Amino acid sequence: MVLKQSQPDLSSEPKKRRKVGFANIDAGVEANECINIFLVERAEEVGSESSFRVDPIDLNQFFGDDGRIYGYKDLKVNVWFSGISFRAYADITYQSTSDGGKGITELIPALQKIFGESLLEKKDDFLQSFSTDFHYIRNIISNGEVLYPDTSKGSNGVSNHQMDGEAAPIEIVLMRLNSLPVGELYSRLVPLALLLVDGSSPIDITDPKWEIFLEVEKKTTQQGDTNVRLLGFAVVYCFYRYPDNSRLRISQILVLPNCQGQGHGRRLLEVINSVAISENVYDLTVEEPSDYLQHVRTCIDIPRLLAFEPVKPAVSSVASQLKEGKLSKRTSSIKSDPSATLVNTLREKLKITKKQFLQCWEVLIYLDIDQNDRNCMENYRILMSERMKADILGKDERKSGKQVIEIPNDYDHDMTFVMFSPPKSKDQVDENENQMEKNQDNQDEQLSKLVDERMEQIKQIAEKVALHS
Ligand SMILES: CC(=O)SCCNC(=O)CCNC(=O)[C@H](O)C(C)(C)COP(=O)(O)OP(=O)(O)OC[C@H]1O[C@@H](n2cnc3c(N)ncnc32)[C@H](O)[C@@H]1OP(=O)(O)O
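Summarised in this report is the structure supplied together with it. Residue numbering note: each chain is counted from 1, following its sequence as written. Where local features are concerned, this predicted model is filtered to residues with pLDDT of at least 70; where side-chain atom pairs are given and counted, the filter is 80 or more; whole-chain, interface and lining totals use all residues. Side-chain numbers come from the whole structure's heavy atoms, not from hydrogens or water.

**A short note on the pattern of salt bridges**
Thought 1: Salt bridges are defined by distance alone: a side-chain nitrogen of Lys or Arg within 4 Å of a carboxyl oxygen of Asp or Glu. One pass over the structure, following the stated rule, counts 21 salt bridges.
Thought 2: Through salt bridges with shared partners, one network takes in D337, E362, R387 and R454.

**Comments concerning the environment of Y282**
Thought 1: Relative to the elements of secondary structure, Y282 occurs in the loop between helix 7 (264-278) and strand 16 (284-286).
Thought 2: A C-alpha to C-alpha distance of 26 Å links Y282 and G232, two positions 50 residues apart in sequence.
Thought 3: Any two residues whose heavy atoms approach within 4.5 Å are treated as being in contact. Every residue in contact with Y282, bar those within four places of it in the chain, is listed here: R241, N245, S246, R247, R347 and K351. Per the convention used, a helix needs a DSSP run of H or I reaching at least four residues, while a strand needs a run of E reaching at least two, with both numbered from the N terminus.

**Considering the site of the ligand**
Thought 1: Lining the immediate environment of the ligand, one finds 28 residues, of which V255, G263, R266, Y292 and K464 sit closest.
Thought 2: Throughout this description, a polar contact denotes any pair of N or O atoms lying within 3.5 Å of each other; where both atoms belong to protein, one of them has to be capable of donating a hydrogen while the other can accept it, and for residues adjacent in sequence the pair is counted only when both atoms sit in side chains. At 2.8 Å, a backbone N or O of G265 approaches an oxygen atom of the ligand.
Thought 3: A 1.4 Å probe and the Shrake-Rupley method give the accessible areas. Residues count as covered only by the protein chains that appear here. Its free accessible area being 1000 Å², the ligand has 88% of it covered by the protein chains.
Thought 4: Of all elements in the fold, only strand 15 (245-255), helix 7, helix 8 (291-306) and helix 14 (426-468) reach the threshold of two or more residues within the shell around the ligand.
Thought 5: If one sorts the elements of the shell around the ligand by residue count, helix 8 sits on top with 6 residues.
Thought 6: Amino acids outside the nonpolar list (Ala, Val, Leu, Ile, Met, Phe, Trp, Tyr, Cys, Pro) and the charged list (Asp, Glu, Lys, Arg) are all regarded as polar, and Gly is one of them. A breakdown of the residues in the shell around the ligand according to their chemical character gives 13 nonpolar, 11 polar and 4 charged.
Thought 7: Two domains each provide a minimum of three residues to the shell around the ligand, namely domain 2 (136-288) and domain 3 (306-468). By convention in these notes, a residue is near a molecule or strand provided one of its non-hydrogen atoms lies within 4 Å of it. Where each domain starts and ends comes from a domain assignment, either automatic or drawn from a database.

As structure tokens, this is what we get:
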């Protein structure tokens, strides 16, 4: 990487600081404001700010407690990340440095927290990596197990229709992470996970239970050479389940930012679903899915559920109750959950967990009702509200006297609830009831907002599913 100005000798800095006092305290600059990350696939793109710009979740988290960089005038950091070698190079420019009371932030160690050993020091080495590592991905996947396309044409439940009409064939290859070259590849991919997956951390690649699904695009050149480009990957852990089974958990899934929204994430998920079924694991879970991943996952699961014989009549029996009468006038709520038998069957056959099935269940009911029927939609909203309230409070809320109170926080005020069981003495109960009344209006408002958000999510999924069916 290049530091366009050499750093000053800091040995005389403490004296200077005393002289300027508080008047010139350096306000610093947010890392998010002065660092740009570009994903490039050719050496010629390096240096051009019109290259593909990555939109990281939050760069500030890698720069101290306040996310700010101190001691630079007109600092600009452009990081070039290669989609071929998965190496990085940082171009750092600034007018001058001076310690304005907060020191001078060391940039390289902070960038190394993100890019690790992938961050190359010399620009020439980085530029060369485009040619030296041109077949990096091709060489690595040559030992992998090809899961897609399925040569037996759909027998594992994954359709191969995506290949039709595509300029280049797509492959999904499964590999163990504890083999040396694959582990090294994963280490080079970690920066993408750190930048794009909220709260992610690198995994222990020596554990033999980690596997990686690599999705690639293969292009044959006019000279007959095959070029392989990585589109995305998913890291999956296989847990032991007593006594003789296992569970699969998707820990990280990522499609390269310049390839997102083109169906690659969906394809990866479909292949992992099919592996879970063919290996007959107990179930397939996803570790803290992001909202968008959850959206894509539900869009995939809805058609799978609709095609599964026992689901339709079970959904219709709940939906039919929404079609008649007014739910607001009922004294008791309707039984809207699917039966335990159905939940269990779906887990056994499709490997869908109960939690995920319940998410899909609400969409399935929505799809079964007439969305132009106002009465029906009002009933559906009441049902959703009851379900969400029960979810937050727990099903035996009244029996246990559990309550939800709103707690302010620095992040998302709307979404913070704390559940507590009130104390038993009379005074305490009275005080508690006062508190409850005070909170009641606010709670109803909060719940109504949550229901609105959920209804919007459901609507979007329903529209997508209708579009793809
Ligand atoms: C456990 C974790 O790792 S959580 C973190 C997840 N990863 C990240 O957030 C990293 C950054 N994001 C990504 O890498 C990607 O965006 C992913 C992995 C989340 C999704 O992959 P993508 O390739 O972008 O998604 P893909 O193109 O396959 O699907 C996109 C669209 O197809 C729709 N779709 C997919 N399958 C279906 C289907 N069967 N029926 C209807 N719609 C469908 C989706 O709803 C979505 O539509 P929309 O965006 O227009 O609403």
